[in-house]
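# Examination of the molecular architecture
In case you want the letters, here they are:
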Amino acid sequence: MSDRTLADLAEKMRDIDFTMLSTRTAGGAIGARPMSNNRQVDYDGDSYYFTYEDTLMIANIQADRHVGLSFQGKSGILHVKPFFVAVEGTADLIHDKGRFEEHWTKDLDRWFPQGIDTPRLVMIHVRADRVHYWDGEDEGEVRVPANAEAAE
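Notes on the structure follow. On a predicted model such as this, the values are computed, not experimentally measured, just so you know.

## Brief notes about unusual backbone geometry
Of note in this structure, Arg-120 is not a glycine but carries a positive phi near 70 degrees. Checked against the element boundaries, Arg-120 lands in the loop between helix H3 (97-103) and strand E6 (121-134). In this structure Arg-120 comes out as partly exposed when scored by relative accessible area, which is 47%.

## Re the packing of aromatic side chains
Taken as a whole and judged by the stated rule, the model has 5 aromatic pairs. Pairing Phe-50 with Trp-104 gives two aromatic rings, centres 5.0 Å apart and planes at 75 degrees, and the pair type is edge-to-face. With Phe-50 in strand E3 (residues 46-52) and Trp-104 in the loop between H3 and E6, this residue pair connects regions lying 54 residues apart in the sequence. In this pair, the class of Phe-50 matches that of Trp-104, namely buried.

## Quick word on helix H1 (residues 6-13)
Among the residues of H1, Leu-6, Leu-9, Ala-10 and Met-13 are the ones counted as buried. Considered in projection along H1, the buried side chains sweep an arc of 105 degrees and stay on one side of the axis. Buried residues along H1 sit against strand E4 (66-72), strand E5 (84-94), E6 and strand E7 (139-143).

## Quick look at helix H2 (residues 56-63)
Looking only at H2, the buried set comprises Met-57, Ile-58, Asn-60 and Ile-61. Summarising the axial view, the buried residues of H2 lie within an arc of 160 degrees, below the 170-degree limit, and thus occupy one face. More than 90 degrees from the buried face of H2, the exposed residues found are Leu-56, Gln-62 and Ala-63. Contacts made by the buried residues of H2 are with strand E1 (18-24), strand E2 (30-36), E3, E4, E5 and E6.

Reading the values: rules and limits
- Residues numbered from 1 in each chain as written.
- Predicted model: local features only at pLDDT ≥ 70, side-chain atom pairs only at ≥ 80, totals over all residues.
- Heavy atoms only, no water.
- Helix = DSSP H or I, 4+ residues; strand = E, 2+ residues; numbered from the N terminus.
- Buried < 20%, exposed > 50% of the residue type's maximum accessible area, 1.4 Å probe, protein only.
- Phe/Tyr/Trp six-rings, centres within 6.5 Å; stacked < 30°, edge-to-face > 60°.
- Arc of directions from axis to C-beta.
- Contact = heavy atoms within 4.5 Å.

Right, dumping it as structure tokens:
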């Protein structure tokens, strides 16, 4: 097991915008969808994603807050080592427009044309518990310390 820190992983994750967010369905299967982290790539164990309240993904999270995130960095071209990160965490659903503003970027207007006033908009906050990484030579796991926001 490696002695990398969350800060080390954050540096390697800096250019990764998309993840696959996985939830457990009502029937026990795993459902995964691509999600953008809105170019907030300074990873500290917290991730934020926007979607609509009436999606199957939100119903899954309401039934089981445990989620997974899968990230893949650049690999294979010109001798660049592959880089993969798998996150286990807990999702909270945020409905506060003030919190939306903290994480909103103009690129989101493409999917949510009324901005933070888009009807049925919800933000998913994933708080990591464990982060597992693999870069082709080294692999390991980082446990994320209790987050100050955990009391939300």
